[in-house]
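The residues making up each chain are set out below.
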Amino acid sequence: MARWILRDVVFPRALLAAPQRFGGQAAGPIWRGDLLVTPEGVAGVAPGGAPDLPGVAGAGRLLLPALTEPHVHLDKAFTAHRLPPAGGDLLAAIAAEEADKAHWTDADLRARGARALAEMRAAGVAHARTHVDWGEGADPTATPRAWSVLRELGQEHAPGIRLQRACLPAIDLLADPAAAARIAAEVARDGGVLGAWVLGHDRRAEGIAAAFALADRHGLALDFHVDEGLGEGLDGLALILAEARRTRFEGPVLCGHAISLARLAGAELAAMLGAMAEAGVALCALPATNLFLQARGAGTPGARGVTRLTEATAAGVVTCLGADNVQDAFYPLGRHDPLLTLGLAVPALHLDPPLEAHLARVTTDAARALGVRPGMIDTLPPERLLLCEAQDLAAALSAPAPRRPLSALGPPPGRAATT
Ligand SMILES: [Zn+2]
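Just so it is clear, the model here is predicted, and its values are computed rather than measured.

### Observations regarding the domain arrangement of the protein
With domains assigned, the protein is organised as domain 1 (4-65 + 376-408) and domain 2 (67-348). On the side of domain 2, eleven residues touch domain 1, which itself brings eight residues to the contact. Overall, the association of domain 1 and domain 2 removes approximately 840 Å² of surface from exposure, summing both partners, and the carbon and sulfur fraction of that is 58%. Considering only the side of domain 1, the residues that lose the most area to domain 2 are R384, L397 and R403, jointly responsible for 66% of the buried surface there.

Rendered as structure tokens:
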């Protein structure tokens, strides 16, 4: 069998399926070694005797599984440049983005979506989930044009990315049985995820119950934007957990934001997180948008507005990180790059070193949250392995490091037998 040596690579041992068999030397919290590359993937630390992998110069690279982006909005991305420069809170951002929808032609959606997918491809993303606003116009149940455009884009422009689409109506719309049935049927017919946003809506309990019932009927995954606010009385997450427990829904269920958890502490927080873990409900933190929109006042914010990711992980909840909004009314900056999101989360959520401990939130655990089987470094094929030109993870998170799939190096493994 063809095999090559990839010299002086660092890799997170936590993302190996069989670390004892893989080998390598500890280099601080990360491991280092010359890796044996075969057409099937990375076999482990090389015993020697194979030639260098062609097309690779210099030493010091980071090997990772391909990344997962669990939460973006490709219908909204890259609209900031044409919006009035107003800023404001979440409701102001929703209003500004609503006004922009007059520009959302097929061509506009395709151009912006293609740009976002190109960013994800360059970042090394293999799996992604985008939300799609749903519920506009005279017939709020009608399928929005972004839903179809993004399906086509996912097929045409992102051969290496498996793009999931989740509908995003207000939860009140799902409380209407006829509307909910129609939306869920369309989502199921078109291979989507049943999503909704929940923020103190009047009919949230009925809508959440309908979402679980329809997801069960159609075999759909669920995804909620829930409790994206620091005010008192937000109970969306509690209602979702109660419904998950009552129905014994087998998932996957992913809750994004849930920053109401920041208001909880002690036994109350432990009970909520314990219920999440027991119900198998995953949690996605979205620091960029929350830092920008929450705790708004006249000047500098006095609170962060992010969810309790560390406590959730400790309680056994599957946790992940998403980019959320990129250059739109909700956040004027950003890039569809999970390593950039993880780098921002380090100060925003106090993710302490060793940094390798947090990689699962943009790789394996992010995949689990989407209902995708997670791949490990020693189980993935070369096209699903990512080689970053960075000497360690801190370097990769501090600046955008060039990266490419392992399969892009040298002659295609399997064709040029060298040993
Ligand atoms: Zn979002």
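### A closer look at the nonpolar core
Core analysis: the largest hydrophobic core is formed by 106 residues, its most contacted members being L194, F212, L222, F224, L237, L261 and L339. No other element matches helix α3 (residues 106-123), which puts six residues into this core. Here this core spans two domains, since at least three of its residues come from each of domain 1 (4-65 + 376-408) and domain 2 (67-348). Grouped together as the second largest cluster of nonpolar side chains are ten residues, L254, A282, L286 and A366 included.

### Some details on the coordination of the zinc ion
The coordination sphere of the zinc ion contains the protein donors H71 (NE2), H73 (NE2), H225 (NE2) and D324 (OD), at a distance range of 2.0 to 2.3 Å. Here the zinc ion is ringed by four donor atoms whose angles at the metal span 88 to 176°, and the overall shape comes out irregular. Ordering the donors of the zinc ion by residue number gives the pattern H-x1-H-x151-H-x98-D. With H73 in the loop between β6 (67-72) and α2 (90-100) and H225 in strand β10 (residues 222-226), the pair connects residues that are 152 residues apart, well separated along the chain. With respect to burial, H73 and H225 carry one shared label: buried.

### A short note on the sheet that holds β6
One open sheet accounts for three strands, arranged β6-β7-β8; its pairing is parallel. The open sheet terminates on both sides in strands that have one partner only, identified here as β6 and β8 (162-168). Adjacent strand axes in the sheet meet at a mean angle of 15° when their direction is disregarded.

### Let's talk about helix α9 (residues 266-279)
The α-helix winds at 3.6 residues per turn, so residues separated by three or four positions along the chain end up facing the same way. Taking 1.5 Å of rise per residue, 14 residues should cover 20 Å, and α9 covers 20 Å from first to last C-alpha, within 8% of that figure. All of the buried residues along α9 are L269, M272, L273, A275 and M276. Projection of α9 onto a plane perpendicular to its axis shows the buried side chains occupying an angular sector of 150°, all on one side. Set apart from the buried face of α9 by more than 90 degrees, the exposed residues are G266, A267, A271 and E278. Turning to α9, the residues buried within the fold contact α8 (236-247), β12 (281-285) and α11 (309-314).

### Structural notes on the pairing of β10
Most of β10 sits inside the fold, with five of its five residues counted as buried. Note that strand β9 (residues 194-198) and β10 share five bridges and pair parallel. Looking at β10, one finds that L194 is bridged to L222. As for the winding sense of the linkage, the β-α-β connection from β9 through helix α7 (residues 204-218) to β10 is right-handed. Inspection of the sheet shows β10 paired to strand β11 (residues 253-257) by five bridges, in the parallel sense. By the bridge assignment for β11, H225 is matched with G256.

Analysis parameters
Residues numbered from 1 in each chain as written. Predicted model: local features only at pLDDT ≥ 70, side-chain atom pairs only at ≥ 80, totals over all residues. Heavy atoms only, no water. Domains from an automatic or database assignment. Contact = heavy atoms within 4.5 Å. Buried area = accessible area lost by both parts, 1.4 Å probe. Core = buried A, V, L, I, M, F, W, Y, C linked by side-chain atoms within 4.5 Å. Buried < 20%, exposed > 50% of the residue type's maximum accessible area, 1.4 Å probe, protein only. Helix = DSSP H or I, 4+ residues; strand = E, 2+ residues; numbered from the N terminus. Donors = N, O, S within 2.8 Å, 3.2 Å for Na, K, Ca; no water. Tetrahedral: all angles 85-135°; square planar, octahedral: opposite > 155°, others 65-115°. Pairing = 2+ DSSP bridges. Axes fitted to C-alpha atoms, helices over the stretch in contact; angles between N-to-C directions. Expected span 1.5 Å × (residues − 1). Arc of directions from axis to C-beta. Right-handed = clockwise from strand over helix to strand, strands pointing away.

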